[in-house]
Amino acid sequence: MPTTTQAEVCPLCDGTGWKPLAGSPQGKDKNKSTNNDRRVTRCDCRLRARNQTLLATARIPPRYEHCELASYTTDFPGAHPSLAFAQVSATRFAQEYDPRDGTGLLIIGKIGTGKTHLAVGIIKELMGRGIPSLFYDYRELLKEIQNSYNATVQTTELDVLRPVFESDVLVLDELGAVKPTEWVWDTVSLILNTRYNNKRTTIITTNFDDQPPAGANGAVSIARAATRSETLGDRIGERMRSRLHEMCRIIKMEGDDFRQKFRSASFR
Ligand SMILES: Nc1ncnc2c1ncn2[C@@H]1O[C@H](COP(=O)(O)OP(=O)(O)O)[C@@H](O)[C@H]1O
Ligand SMILES: [Mg+2]
Ligand SMILES: [Zn+2]
(Lines give C-alpha, C1' and ligand atoms only; values in the text may rest on other atoms or scores of the structure.)
(Ligands and ions follow the chains in the order given, each with its own letter.)
Protein backbone atom coordinates (compact mmCIF):
# COMPACT_ATOMS: atom_id res chain seq x y z
CA MET A 1 0.00 0.00 0.00
CA PRO A 2 1.50 3.39 -0.97
CA THR A 3 2.00 5.82 1.89
CA THR A 4 -0.04 8.98 1.59
CA THR A 5 2.91 11.26 2.28
CA GLN A 6 4.74 10.00 -0.77
CA ALA A 7 1.75 10.77 -2.96
CA GLU A 8 1.46 14.33 -1.60
CA VAL A 9 5.05 15.56 -1.88
CA CYS A 10 5.50 17.91 -4.83
CA PRO A 11 8.12 16.53 -7.23
CA LEU A 12 9.25 20.02 -8.28
CA CYS A 13 10.23 21.22 -4.83
CA ASP A 14 10.21 18.10 -2.63
CA GLY A 15 7.62 19.87 -0.54
CA THR A 16 9.84 22.83 0.37
CA GLY A 17 7.77 25.30 -1.63
CA TRP A 18 10.91 26.57 -3.40
CA LYS A 19 12.29 25.39 -6.73
CA PRO A 20 15.48 26.29 -8.61
CA LEU A 21 15.15 29.51 -10.58
CA ALA A 22 14.07 28.90 -14.18
CA GLY A 23 17.14 28.46 -16.38
CA SER A 24 19.30 27.63 -13.40
CA PRO A 25 21.07 24.34 -14.00
CA GLN A 26 20.97 23.47 -10.32
CA GLY A 27 19.64 20.02 -9.77
CA LYS A 28 20.41 18.83 -13.27
CA ASP A 29 24.13 18.31 -12.91
CA LYS A 30 25.27 19.09 -9.42
CA ASN A 31 28.94 18.39 -10.15
CA LYS A 32 29.70 21.10 -12.70
CA SER A 33 31.35 24.29 -11.44
CA THR A 34 28.79 26.41 -13.35
CA ASN A 35 26.07 24.89 -11.23
CA ASN A 36 26.56 27.00 -8.13
CA ASP A 37 23.45 29.01 -8.84
CA ARG A 38 21.38 28.25 -5.78
CA ARG A 39 18.77 30.90 -6.39
CA VAL A 40 15.24 29.68 -5.92
CA THR A 41 11.75 30.85 -6.70
CA ARG A 42 8.30 30.03 -5.37
CA CYS A 43 7.24 26.61 -6.60
CA ASP A 44 4.20 26.22 -8.86
CA CYS A 45 2.47 24.15 -6.19
CA ARG A 46 2.53 27.11 -3.77
CA LEU A 47 1.43 29.59 -6.44
CA ARG A 48 -1.48 27.28 -7.28
CA ALA A 49 -2.44 27.01 -3.64
CA ARG A 50 -2.22 30.79 -3.22
CA ASN A 51 -4.35 31.34 -6.32
CA GLN A 52 -6.99 28.96 -4.91
CA THR A 53 -7.05 30.88 -1.62
CA LEU A 54 -7.35 34.23 -3.41
CA LEU A 55 -10.13 32.94 -5.66
CA ALA A 56 -12.01 31.60 -2.66
CA THR A 57 -11.99 34.96 -0.86
CA ALA A 58 -12.58 37.21 -3.89
CA ARG A 59 -16.39 36.88 -3.73
CA ILE A 60 -16.82 36.42 -7.47
CA PRO A 61 -20.49 35.40 -7.93
CA PRO A 62 -20.84 31.84 -9.28
CA ARG A 63 -22.47 33.03 -12.50
CA TYR A 64 -19.32 35.00 -13.38
CA GLU A 65 -16.79 32.39 -12.32
CA HIS A 66 -16.31 31.27 -15.91
CA CYS A 67 -15.31 34.74 -17.16
CA GLU A 68 -11.78 35.02 -18.56
CA LEU A 69 -10.18 37.75 -20.65
CA ALA A 70 -9.39 35.11 -23.28
CA SER A 71 -12.93 33.72 -23.41
CA TYR A 72 -14.36 37.11 -24.36
CA THR A 73 -15.33 36.73 -28.04
CA THR A 74 -15.26 39.64 -30.42
CA ASP A 75 -15.59 37.92 -33.79
CA PHE A 76 -19.31 37.32 -34.03
CA PRO A 77 -21.54 38.84 -36.72
CA GLY A 78 -22.38 42.43 -35.89
CA ALA A 79 -19.86 42.71 -33.05
CA HIS A 80 -19.23 46.39 -32.40
CA PRO A 81 -15.54 47.38 -32.90
CA SER A 82 -15.50 48.90 -29.41
CA LEU A 83 -15.72 45.38 -27.95
CA ALA A 84 -12.42 44.23 -29.46
CA PHE A 85 -10.87 47.48 -28.30
CA ALA A 86 -12.28 46.91 -24.81
CA GLN A 87 -10.84 43.42 -24.64
CA VAL A 88 -7.40 44.63 -25.70
CA SER A 89 -7.54 47.50 -23.21
CA ALA A 90 -8.63 45.21 -20.37
CA THR A 91 -5.90 42.71 -21.18
CA ARG A 92 -3.28 45.44 -21.29
CA PHE A 93 -4.57 46.87 -18.03
CA ALA A 94 -4.04 43.49 -16.36
CA GLN A 95 -0.57 43.10 -17.90
CA GLU A 96 0.54 46.59 -16.91
CA TYR A 97 -0.93 46.47 -13.39
CA ASP A 98 1.49 48.20 -11.05
CA PRO A 99 0.73 48.17 -7.31
CA ARG A 100 2.50 51.53 -6.92
CA ASP A 101 0.19 53.24 -9.37
CA GLY A 102 -3.47 52.86 -8.43
CA THR A 103 -5.01 54.09 -11.67
CA GLY A 104 -8.38 52.42 -12.02
CA LEU A 105 -10.66 51.43 -14.84
CA LEU A 106 -14.16 52.74 -15.58
CA ILE A 107 -16.01 50.38 -17.93
CA ILE A 108 -19.13 51.99 -19.38
CA GLY A 109 -21.79 50.38 -21.54
CA LYS A 110 -25.31 49.06 -21.86
CA ILE A 111 -26.40 45.89 -20.13
CA GLY A 112 -25.07 42.66 -21.60
CA THR A 113 -22.07 44.09 -23.45
CA GLY A 114 -19.71 42.10 -21.23
CA LYS A 115 -18.50 44.70 -18.73
CA THR A 116 -18.64 42.36 -15.75
CA HIS A 117 -17.07 39.59 -17.82
CA LEU A 118 -14.01 41.72 -18.57
CA ALA A 119 -13.76 43.07 -15.01
CA VAL A 120 -13.81 39.53 -13.60
CA GLY A 121 -11.35 38.43 -16.30
CA ILE A 122 -8.90 41.09 -15.13
CA ILE A 123 -8.99 40.14 -11.44
CA LYS A 124 -8.77 36.44 -12.22
CA GLU A 125 -5.63 37.16 -14.23
CA LEU A 126 -4.21 39.26 -11.38
CA MET A 127 -5.02 36.64 -8.74
CA GLY A 128 -3.16 34.13 -10.91
CA ARG A 129 -0.13 36.34 -10.29
CA GLY A 130 -0.78 36.38 -6.55
CA ILE A 131 -2.46 39.80 -6.34
CA PRO A 132 -5.36 39.89 -3.82
CA SER A 133 -8.59 41.08 -5.42
CA LEU A 134 -12.19 41.53 -4.35
CA PHE A 135 -15.48 41.64 -6.24
CA TYR A 136 -18.46 43.62 -4.96
CA ASP A 137 -21.76 44.40 -6.55
CA TYR A 138 -22.50 48.06 -5.74
CA ARG A 139 -26.01 47.34 -4.43
CA GLU A 140 -24.76 44.42 -2.36
CA LEU A 141 -21.98 46.48 -0.81
CA LEU A 142 -24.25 49.35 0.19
CA LYS A 143 -26.78 46.86 1.57
CA GLU A 144 -24.11 45.16 3.68
CA ILE A 145 -22.92 48.48 5.08
CA GLN A 146 -26.48 49.51 5.89
CA ASN A 147 -27.16 46.13 7.52
CA SER A 148 -24.18 46.62 9.78
CA TYR A 149 -25.97 49.58 11.42
CA ASN A 150 -28.66 47.20 12.63
CA ALA A 151 -28.13 46.72 16.36
CA THR A 152 -28.96 43.01 16.24
CA VAL A 153 -26.24 42.33 13.66
CA GLN A 154 -22.77 41.44 14.90
CA THR A 155 -20.81 42.90 11.99
CA THR A 156 -19.69 46.50 12.26
CA GLU A 157 -19.41 48.98 9.41
CA LEU A 158 -15.65 48.62 9.56
CA ASP A 159 -15.86 44.81 9.30
CA VAL A 160 -17.50 45.33 5.92
CA LEU A 161 -15.36 48.25 4.83
CA ARG A 162 -11.91 47.05 5.85
CA PRO A 163 -11.45 44.53 3.03
CA VAL A 164 -13.06 47.00 0.63
CA PHE A 165 -10.54 49.67 1.63
CA GLU A 166 -7.57 47.32 1.77
CA SER A 167 -7.87 44.85 -1.10
CA ASP A 168 -5.14 45.55 -3.66
CA VAL A 169 -7.73 45.45 -6.43
CA LEU A 170 -11.49 45.96 -6.13
CA VAL A 171 -14.18 45.44 -8.75
CA LEU A 172 -17.18 47.64 -8.01
CA ASP A 173 -19.86 46.30 -10.33
CA GLU A 174 -22.82 48.38 -11.53
CA LEU A 175 -21.89 51.70 -9.98
CA GLY A 176 -24.97 53.90 -9.69
CA ALA A 177 -27.47 51.04 -9.55
CA VAL A 178 -28.78 52.20 -6.17
CA LYS A 179 -31.20 55.11 -5.94
CA PRO A 180 -28.97 58.05 -5.01
CA THR A 181 -29.25 59.64 -1.58
CA GLU A 182 -26.89 61.84 0.39
CA TRP A 183 -25.76 58.76 2.36
CA VAL A 184 -25.09 56.77 -0.83
CA TRP A 185 -22.99 59.58 -2.29
CA ASP A 186 -21.01 60.04 0.95
CA THR A 187 -20.37 56.31 1.26
CA VAL A 188 -19.28 55.85 -2.34
CA SER A 189 -16.96 58.83 -2.27
CA LEU A 190 -15.46 57.65 1.01
CA ILE A 191 -14.72 54.24 -0.53
CA LEU A 192 -13.37 55.47 -3.86
CA ASN A 193 -11.34 58.33 -2.38
CA THR A 194 -9.84 56.19 0.37
CA ARG A 195 -8.74 53.58 -2.16
CA TYR A 196 -7.37 56.16 -4.56
CA ASN A 197 -5.44 58.01 -1.86
CA ASN A 198 -3.83 54.71 -0.85
CA LYS A 199 -2.98 53.92 -4.49
CA ARG A 200 -5.27 50.93 -4.62
CA THR A 201 -6.74 49.99 -7.95
CA THR A 202 -10.51 50.07 -8.46
CA ILE A 203 -12.24 48.62 -11.51
CA ILE A 204 -15.72 50.06 -11.94
CA THR A 205 -18.52 49.06 -14.29
CA THR A 206 -21.64 51.09 -14.96
CA ASN A 207 -24.71 50.96 -17.21
CA PHE A 208 -25.18 54.71 -16.97
CA ASP A 209 -24.07 57.19 -19.62
CA ASP A 210 -20.97 59.15 -18.64
CA GLN A 211 -22.81 62.50 -18.73
CA PRO A 212 -23.41 65.29 -16.21
CA PRO A 213 -26.62 65.39 -14.17
CA ALA A 214 -29.79 67.06 -15.34
CA GLY A 215 -29.55 70.81 -15.08
CA ALA A 216 -25.77 70.86 -15.04
CA ASN A 217 -25.70 72.66 -18.37
CA GLY A 218 -28.37 75.20 -17.51
CA ALA A 219 -32.11 75.50 -17.90
CA VAL A 220 -32.26 73.77 -21.27
CA SER A 221 -31.24 70.43 -19.84
CA ILE A 222 -33.69 70.85 -16.95
CA ALA A 223 -36.43 71.18 -19.52
CA ARG A 224 -35.21 68.09 -21.34
CA ALA A 225 -34.67 66.13 -18.14
CA ALA A 226 -38.15 64.66 -18.11
CA THR A 227 -37.61 62.78 -21.36
CA ARG A 228 -33.95 61.82 -21.09
CA SER A 229 -32.57 58.74 -19.37
CA GLU A 230 -30.60 59.09 -16.19
CA THR A 231 -26.86 59.65 -16.43
CA LEU A 232 -23.91 58.69 -14.27
CA GLY A 233 -23.89 62.29 -13.05
CA ASP A 234 -27.49 61.90 -11.85
CA ARG A 235 -26.67 58.69 -10.02
CA ILE A 236 -23.35 59.41 -8.30
CA GLY A 237 -23.19 63.20 -8.35
CA GLU A 238 -21.15 65.41 -10.65
CA ARG A 239 -18.29 65.83 -8.20
CA MET A 240 -17.73 62.06 -7.94
CA ARG A 241 -18.14 61.64 -11.69
CA SER A 242 -15.40 64.13 -12.47
CA ARG A 243 -13.22 62.57 -9.74
CA LEU A 244 -13.60 59.22 -11.50
CA HIS A 245 -12.14 60.78 -14.64
CA GLU A 246 -8.99 61.62 -12.69
CA MET A 247 -8.84 58.18 -11.10
CA CYS A 248 -9.62 55.90 -14.02
CA ARG A 249 -8.91 54.98 -17.57
CA ILE A 250 -12.20 54.78 -19.43
CA ILE A 251 -13.40 51.92 -21.62
CA LYS A 252 -16.63 52.40 -23.56
CA MET A 253 -18.51 49.36 -24.80
CA GLU A 254 -21.22 49.68 -27.43
CA GLY A 255 -23.59 47.16 -28.90
CA ASP A 256 -26.45 44.83 -28.04
CA ASP A 257 -26.98 42.43 -25.19
CA PHE A 258 -24.70 39.49 -25.90
CA ARG A 259 -27.10 37.03 -24.27
CA GLN A 260 -29.92 37.92 -26.63
CA LYS A 261 -27.69 37.43 -29.65
CA PHE A 262 -26.49 34.05 -28.45
CA ARG A 263 -29.42 32.76 -26.47
CA SER A 264 -29.36 29.39 -28.22
CA ALA A 265 -25.61 29.21 -28.56
CA SER A 266 -23.19 27.62 -26.13
CA PHE A 267 -22.14 30.95 -24.54
CA ARG A 268 -23.58 31.68 -21.12
N1 LIG B 1 -18.22 39.11 -26.06
C2 LIG B 1 -18.50 38.14 -25.18
N3 LIG B 1 -17.91 36.93 -25.27
C4 LIG B 1 -18.23 35.92 -24.42
N5 LIG B 1 -19.16 36.03 -23.44
C6 LIG B 1 -19.79 37.22 -23.32
C7 LIG B 1 -19.51 38.32 -24.16
N8 LIG B 1 -20.28 39.37 -23.79
C9 LIG B 1 -21.02 38.92 -22.75
N10 LIG B 1 -20.74 37.63 -22.47
C11 LIG B 1 -21.39 36.80 -21.47
O12 LIG B 1 -22.75 37.24 -21.39
C13 LIG B 1 -23.18 37.38 -20.06
C14 LIG B 1 -23.53 38.84 -19.78
O15 LIG B 1 -22.34 39.62 -19.79
P16 LIG B 1 -22.00 40.63 -18.61
O17 LIG B 1 -20.53 40.70 -18.47
O18 LIG B 1 -22.78 40.26 -17.40
O19 LIG B 1 -22.56 41.99 -19.24
P20 LIG B 1 -22.70 43.41 -18.53
O21 LIG B 1 -21.93 43.37 -17.26
O22 LIG B 1 -22.16 44.40 -19.52
O23 LIG B 1 -24.17 43.62 -18.30
C24 LIG B 1 -22.04 36.87 -19.18
O25 LIG B 1 -22.26 35.52 -18.87
C26 LIG B 1 -20.81 36.99 -20.08
O27 LIG B 1 -19.87 35.98 -19.78
MG1 LIG C 1 -22.57 43.56 -15.34
ZN1 LIG D 1 6.25 22.36 -5.28
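Since this is a predicted model, take the numbers as computed values, not measurements.

Student: Talk me through the overall build of the protein; I want residue IDs and the actual numbers.
Tutor: If you tally the helices and strands in the protein, you get eleven helices and seven strands. Residues classed as buried in the protein amount to 27% of the 268 residues present. Counting only contacts in the protein whose residues sit at least 6 apart along the sequence, the fraction spanning at least 24 positions is 73%.

Student: Could you give me a rundown of the packing of helix α3 (residues 81–95) against helix α4 (residues 115–128), with the residues and numbers involved?
Tutor: Contact pair α3 / α4: the axes reach a minimum separation of 9 Å and the direction vectors enclose 25 degrees. Classified by the angle between their axes, α3 and α4 sit roughly parallel to one another. Two packed elements cross with a definite hand, and for α3 against α4 that hand is right-handed. Together, Ala-86, Gln-87, Ala-90, Phe-93 and Ala-94 of α3 and Leu-118, Gly-121, Ile-122, Glu-125 and Leu-126 of α4 make up the contact between the two elements. For the contact of α3 with α4, a count of residues per class yields seven nonpolar, two polar and one charged.

Student: Account for the site of ligand 1, with residues named and values stated.
Tutor: Close to ligand 1 lie 18 residues; Gly-114, Lys-115, Thr-116, His-117 and Phe-258 are nearest. Among the secondary structure elements, those contributing two or more residues to the shell around ligand 1 are α4 and α11 (258–261). For the shell around ligand 1, the element with the highest residue contribution is α4, accounting for three residues.

Student: Any details on the pairing of strand β3 (residues 104–109)? Residues and values, ideally.
Tutor: Counting buried positions over the six residues of β3 gives six, a clear majority of the element. Residues of β3 alternate between two faces, with Gly-104, Leu-106 and Ile-108 on one and Leu-105, Ile-107 and Gly-109 on the opposite face, all of them buried. Pairing of β3 with strand β7 (residues 248–253), which is carried by six bridges, proceeds in the parallel orientation. Bridging across to β7, Leu-106 finds its partner in Ile-250. Sheet analysis places β3 next to strand β6 (residues 201–206), joined by four bridges and oriented parallel. Opposite Leu-105, over in β6, you have Ile-203 as the bridge partner.

Student: Describe the nonpolar core, listing the residues and the values that go with them.
Tutor: Core analysis: the biggest nonpolar cluster contains 44 residues, and Ile-107, Ala-119, Ile-122, Ile-123, Phe-135, Tyr-136 and Val-171 have the highest contact counts within it. Per-element accounting of this core gives the leading share, seven residues, to α4. With residues up to four places along the chain from it excluded, the contact list for Ile-107 reads Lys-115, Leu-118, Ala-119, Ile-204, Thr-205, Ile-251 and Met-253.

Student: Describe the sheet that holds strand β5 (residues 169–173), with residues and values.
Tutor: Within a sheet, neighbouring strands are paired by backbone hydrogen bonds and run either parallel or antiparallel to one another. As summarised here, the arrangement of the five strands in space is β4-β5-β6-β3-β7, forming an open sheet in which the pairing is parallel. For this open sheet the edge positions go to β4 (133–137) and β7, each flanked by a neighbour on one side alone. Adjacent strand axes in the sheet meet at a mean angle of 15 degrees, parallel and antiparallel pairs treated alike.

Student: Tell me about helix α5 (residues 138–147), and please be specific about residues and values.
Tutor: If you check which residues of α5 are buried, you get Tyr-138, Leu-141, Leu-142 and Ile-145. In an axial view of α5, the angular spread of the buried residues amounts to 95 degrees, which keeps them on one side of the axis.

Student: I'd like a rundown of the pairing of β6, residues and numbers included.
Tutor: Of all the six residues making up β6, six are buried; the element is thus mostly covered by neighbouring parts of the structure. The side-chain alternation of β6 yields two buried faces, one formed by Thr-201, Ile-203 and Thr-205 and the other by Thr-202, Ile-204 and Thr-206. Relative to β6, β5 runs parallel, the two sharing four bridges. Each residue of the ladder has a partner; that of Leu-170, found in β6, is Thr-202. Read from β5 through helix α7 (residues 182–197) to β6, the crossover connection turns out right-handed.

Student: Kindly report on unusual backbone geometry, identifying the contributing residues and their values.
Tutor: Phi angles above zero are rare outside glycine, and Glu-174 is one such case at about 65 degrees. Mapped onto the elements, Glu-174 comes out in the loop between β5 and α7. The class for Glu-174 is partly exposed, based on 19 C-beta atoms found within 10 Å. Phi angles above zero are rare outside glycine, and Lys-199 is one such case at about 55 degrees. With respect to the element layout, Lys-199 can be found in the loop between α7 and β6.

Rules and cut-offs
- Residues numbered from 1 in each chain as written.
- Chains lettered and ligands numbered in written order.
- Predicted model: local features only at pLDDT ≥ 70, side-chain atom pairs only at ≥ 80, totals over all residues.
- Helix = DSSP H or I, 4+ residues; strand = E, 2+ residues; numbered from the N terminus.
- Buried ≥ 20, exposed ≤ 12 C-beta atoms within 10 Å, placed from the backbone.
- Contact = placed C-beta atoms within 7 Å.
- Axes fitted to C-alpha atoms, helices over the stretch in contact; angles between N-to-C directions.
- Parallel < 35°, antiparallel > 145°, perpendicular 65-115°, else oblique.
- Left-handed = near helix turned anticlockwise from the far one by under 90°.
- Nonpolar A, V, L, I, M, F, W, Y, C, P; charged D, E, K, R; others polar.
- Near = placed C-beta within 6 Å.
- Pairing = 2+ DSSP bridges.
- Core = buried A, V, L, I, M, F, W, Y, C linked by C-beta atoms within 7 Å.
- Arc of directions from axis to C-beta.
- Right-handed = clockwise from strand over helix to strand, strands pointing away.

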